[in-house]
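Fold and contact review
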Amino acid sequence: MSGREVVFKKSSTEEPSKKGSENAEPKPSTLLDIYDRSIDNVLRPKYLTEFVGQPQLKERLSIVIGAAKLRGDQVGHILFAGPPGLGKTSLASIVANEIGVNFRVTSGPAITRAGDLASLLSDLSDFDVLFIDEIHRLPRTVEELLYSAMEDFKVDVTLGKGPTSRTLRLDIAHFTLIGATTRTGMLSGPLRDRFGFVHTMEYYDPTELSQVVMRSAQILEMEISEDAAYEIALRSRGTPRLANRLLKLVRDYADVSRGGVLDQTTAKEGLDVFGVDDLGLDRVDREILKSLCVTFGGRPAGLSALASSVGEERQTIEDVHEPYLVKLGMVIRTPRGRVATNRAFDHLGIRPVEEQSQLF
């Protein structure tokens, strides 16, 4: 199979059908947003050899891709699961690069109608990679259309309305679907079972994240010490995306306050200035812990009550902040609600309620 140039372009189905729709994805509203996204694209690895971390996943992917090349066939459908920022989108683009095919990107909330998906699929060529982010948020009618597309490479299109309507079955290209989800439990069983390769990605350890930071610094032509890279890695919550974001913040601090010198001291000072503590917790994380420890006095708190106390959306707390706090052992989920552990009290420098009562 002859390689083709990989074209990174977003599908037209990414535009929501109505303005102001709840499913609409945020768009860059400032030059800074656009600049940050362009930098993220530059830092994104293009081949498996450039991808840092996830060694088991890399080994298995290399086997799947190598087998497809030997057979001259498309790569089987792949599902990546795990928290945001671990590299699911990067790995999807890597699969397309390794094969040498086009890479099309969309997301579950952006595909609102079955016709949107049918139009997208009909525009694919053989072996192309279609990446659907947040695939668990696909509408049910769209998901059902995807079943036959994944198995038989055919889609059923309904022509007309009412009694005169008829269904037309169209052949589509033999493509590879790569789905990404941050909430595996919300993915329906029939859809999940149609993926031949399923992998849940894990958080990175500080050593791996330090390599990510050093690689990004080299691409951005920054001089950074290994100690500084490791300091950033320690506060990156096991997430490469956050590591790159903190690296850019520390670079800004170093340029303004330290004459461009980016050593461990500068990294610590810069991260402290931007409110990231030694465990990688930001202001909202600490507000959540403070609310559980002080406002609720160590008693269980429901998610709605906690969100109201902190002033954040329920979904933001549940998807962004809570998983890392649970991973650190500072918050536990119980049938009655979220409870702060002794480690949370220690981190805030507050005595647990039981110890406070013994003082009186």
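Residues numbered from 1 in each chain as written. Predicted model: local features only at pLDDT ≥ 70, side-chain atom pairs only at ≥ 80, totals over all residues. Heavy atoms only, no water.

Remarks on the overall build of the protein chain
- The secondary structure content of the protein chain amounts to 15 helices and ten strands.
- Per-residue burial over the protein chain gives 45% buried out of 360 residues.
- The contacts of the protein chain with a sequence gap of at least 6 include a subset with a gap of at least 24, amounting to 69%.
- Surface accessibility of the protein chain: about 18700 Å² in total, with carbon and sulfur atoms responsible for 49%. (Helix = DSSP H or I, 4+ residues; strand = E, 2+ residues; numbered from the N terminus. Buried < 20%, exposed > 50% of the residue type's maximum accessible area, 1.4 Å probe, protein only. Contact = heavy atoms within 4.5 Å. Areas by Shrake-Rupley, 256 points an atom, 1.4 Å probe, with all protein chains shown as cover.)

Brief notes about the pattern of salt bridges
- Taken as a whole and judged by the stated rule, the model has 14 salt bridges.
- In this structure, the salt-bridge partner of Arg286 is Asp277, at a minimum N-O distance of 3.5 Å.
- With a shortest N-O distance of 2.4 Å, Arg338 and Glu322 are connected by a salt bridge. Of this pair, Arg338 sits in strand β10 (residues 337–340) while Glu322 is found in helix α13 (residues 314–327), placing the two residues 16 residues apart along the sequence. The pair formed by Arg338 and Glu322 is uniform in burial state, with each residue classed as buried.
- A single salt-bridge network, built from bridges that share partners, covers Arg183, Glu318 and Asp319. (Salt bridge = Lys/Arg side-chain N within 4 Å of Asp/Glu carboxyl O.)

Here we look at the side chain of His321
- With respect to the helices, strands and loops of the structure, His321 is situated in helix α13.
- When its relative accessible area of 6% is taken as the criterion, His321 is described as buried.
- Apart from residues lying up to four places away in sequence, His321 is in contact with Arg237, Asp282, Val284, Asp285, Ile288 and Thr316.

Structural notes on the UniProt feature "binding site: ATP" (unreviewed entry) in the protein chain
- As annotated by UniProt and renumbered to match this structure, "binding site: ATP" (unreviewed entry) occupies Leu43, Arg44, Gly85, Lys88, Thr89, Ser90, Glu151, Asp152, Phe153, Arg194, Tyr204 and Arg241. Checking the named residues against the second largest pocket, the ones that line it are Tyr204.
- Note on placement: Leu43 falls in helix α1 (residues 31–43).
- Setting aside residues no more than four positions away along its own chain, Leu43 makes contact with Arg215, Ser216, Ile219, Leu220 and Asn244. (UniProt positions renumbered as here; feature names shortened; annotations may be inferred. 1 Å grid on protein atoms, 1.4 Å probe; cavity = no way out; pocket = protein on both sides within 12 Å on 5 of 7 lines; lining within 4 Å.)

Overview of the packing of helix α8 (residues 226–234) against helix α10 (residues 264–273)
- One way to put it is that α8 packs onto α10 with a least axis distance of 7 Å and a crossing angle of 25 degrees. When the axis of α8 is compared with that of α10, the two are roughly parallel. Judged by residue contacts, Asp227, Ala228, Glu231 and Ile232 of α8 engage Gln264, Ala267, Lys268 and Leu271 from α10. (Axes fitted to C-alpha atoms, helices over the stretch in contact; angles between N-to-C directions. Parallel < 35°, antiparallel > 145°, perpendicular 65-115°, else oblique.)

Digging into α8
- Looking only at α8, the buried set comprises Ala228, Ala229, Glu231, Ile232 and Ala233.
- Against the buried residues of α8 lie α7 (206–219), α9 (240–257) and α10.

What about the nonpolar core?
- Of all hydrophobic cores here, the largest spans 48 residues; its most connected members are Leu61, Phe80, Leu91, Ile224 and Ile232.
- Residues lining this core come from more than one domain, with at least three contributed by each of domain 1 (45–200) and domain 2 (206–274).
- If we skip the residues at most four places from it in the chain, Ile232 touches Val213, Ile224, Ala243, Leu246, Leu247, Val250, Ala267 and Leu271.
- Counting residues in hydrophobic clusters, the runner-up holds 25 residues, among them Ala118, Leu121, Val142 and Leu187. (Core = buried A, V, L, I, M, F, W, Y, C linked by side-chain atoms within 4.5 Å. Domains from an automatic or database assignment.)

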